[in-house]
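Architecture at a glance
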Amino acid sequence: MIKDLLKDKVAIVTGGTRGIGLAIVRKFLEQGATVVLCGSRQETADKAVAELKAENKGYKVSGIAPKLSSYEAMREAVGKVAKDFGGVDILVNNAGISAKEKIEDYKEEDFDKILELNVKAVFAGAKAVVPIMKERGGGVILNTSSMVSIYGQPSGCGYPATKFAVNGLTKSLARELGPDNIRVNAVAPGVTRTDMVAALPEEMVMKVSEGIPLRRIGEPEDVANAFLFLASDLASYVTGEILSVDGATQV
Ligand code: NAD
């Protein structure tokens, strides 16, 4: 049994209230980290914190809801976490939305909205933690990409466009921040059983699974395990990587 991989580490996880983000938060807590999860609203953040504390009252978890794409809001939020917990060691930029519109149906505000959360917020989060991590002598920034960052997808082109951008930020920041001992990596999940997928009929999930070499879709814990590895010192010489967690899906 792996234990204490993140002992004494302070982590911030965006989109930590459900799905993949919640699984990452749980995994980090199990491994001894102090975690601040971010939700889109304070109520959903509080609800996730209450659920986790009900599972284990010893978990060191709290919740906030800053505007993730705002430099100023993120600087303030991250600064407060650093002050309250003595620093920030790990940032997981996980919050994201998807898209399925055909190009003719795209509204200008839809494209802006997905860019704002899936790209600008990743940049704003990194920008806010970097000075703190530099002062601390290092840190880890992890981003949630997607298998569509390799293949694209046949509609909702804004979504893969943002995930290609996430890969670009990941690889570039890894090069820029390596000399400061800040590792930057991304995880690219395949179809993963979150709320979105849970709403689908099981036959449809089985049909998707048949096309995947491992013959199943991913569970949030499969993805969270990859984040744990990359967040921990086990990945001490890994940076600039986009780690696929997709059962070798090819679309
Ligand atoms: P989800 O919808 O279950 O969770 C999304 C999270 O993002 C929630 O915690 C929500 O509070 C947060 N969020 C949404 N809009 C927000 C906003 N405007 N401001 C702040 N927070 C906001 O989704 P999920 O499936 O767990 O996805 C998490 C990440 O994984 C996303 O980046 C997504 O693109 C990526 N991903 C998911 C899959 C999949 O199959 N589920 C596959 C590949 C990549």
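The notes below deal with the structure included here. (Residues numbered from 1 in each chain as written. Predicted model: local features only at pLDDT ≥ 70, side-chain atom pairs only at ≥ 80, totals over all residues. Heavy atoms only, no water.)

1. Looking at the overall build of the protein chain
What counts is decided by this rule: A run of H or I in DSSP counts as a helix once it spans at least four residues, and a run of E counts as a strand once it spans at least two, with each numbered from the N terminus. In this description the radius of gyration comes from C-alpha coordinates, and the expected globular size is given by 2.2 Å times residues to the power 0.38. Only protein chains enter the accessibility calculation, which uses a 1.4 Å probe; a residue whose area is less than 20% of its type maximum is buried, one above 50% is exposed, and one in between is partly exposed.
Helix and strand content of the protein chain: 9 helices and 7 strands. Against the compact-globule benchmark of 18 Å for 251 residues, the protein chain has a radius of gyration of 17 Å, which places it among compact chains. For the protein chain, the spread of C-alpha atoms along the three principal axes comes to 45 × 40 × 40 Å. Taken across its 251 residues, the protein chain has 49% of its residues classed as buried.

2. Quick look at the site of the ligand
For clarity, the threshold we go by: Whether a residue is near a molecule or strand depends on its heavy atoms: it is near if one of them lies within 4 Å of it. Within 3.5 Å is the distance limit for a polar contact, defined as a pair of N or O atoms, with the added protein rule that one can donate a hydrogen and the other accept it, and that residues adjacent in sequence qualify only through two side-chain atoms. With residues, only the protein chains shown are counted as cover, and all accessible areas are computed by Shrake-Rupley using a 1.4 Å probe.
Contacts to the ligand come from 24 residues, most closely from Thr17, Ile20, Asn94, Tyr159 and Thr192. Between an oxygen atom of the ligand and a main-chain N or O atom of Gly15, the distance comes to 3.1 Å. Here an oxygen atom of the ligand sits 2.6 Å away from a polar atom, N or O, in the side chain of Tyr159. Its free accessible area being 830 Å², the ligand has 84% of it covered by the protein chains.

3. Overview of the layout of surface pockets
Rules: The rule is simple: put a 1 Å grid over the protein atoms alone, call a set of points where a 1.4 Å probe fits but cannot get out a cavity, call an open set with protein on both sides within 12 Å along at least five of seven lines a pocket, and count a residue as lining if it has an atom within 4 Å of a point. Grid points are joined across faces, edges and corners, and a volume is the space filled by probe spheres set on the points. Ten residue types, Ala, Val, Leu, Ile, Met, Phe, Trp, Tyr, Cys and Pro, are classed as nonpolar, four, Asp, Glu, Lys and Arg, as charged, and the remainder, Gly among them, as polar.
Of the pockets and cavities examined, the second largest pocket occupies roughly 200 Å³. If you go around the second largest pocket, you meet 13 residues; those closest to its centre are Lys9, Gly138, Gly139, Val140 and Asp233. Each residue belonging to the lining of the second largest pocket can be placed in one class, and the counts come to 3 nonpolar, 5 polar and 5 charged.

4. Some details on empty space enclosed by the protein
Following the criterion strictly, the structure yields 1 cavity of 30 Å³ or more and no others. Here the largest cavity defines a volume of roughly 50 Å³. If you trace the largest cavity, you find it lined by Thr14, Leu68, Met74, Asn93, Asn94, Ala95, Leu117, Ala121, Val122 and Gly125. Counting residues per element, the lining of the largest cavity draws most heavily on helix 4 (residues 108–136), which supplies 4 residues. For the lining of the largest cavity, the residue count by class is 6 nonpolar, 4 polar and no charged.

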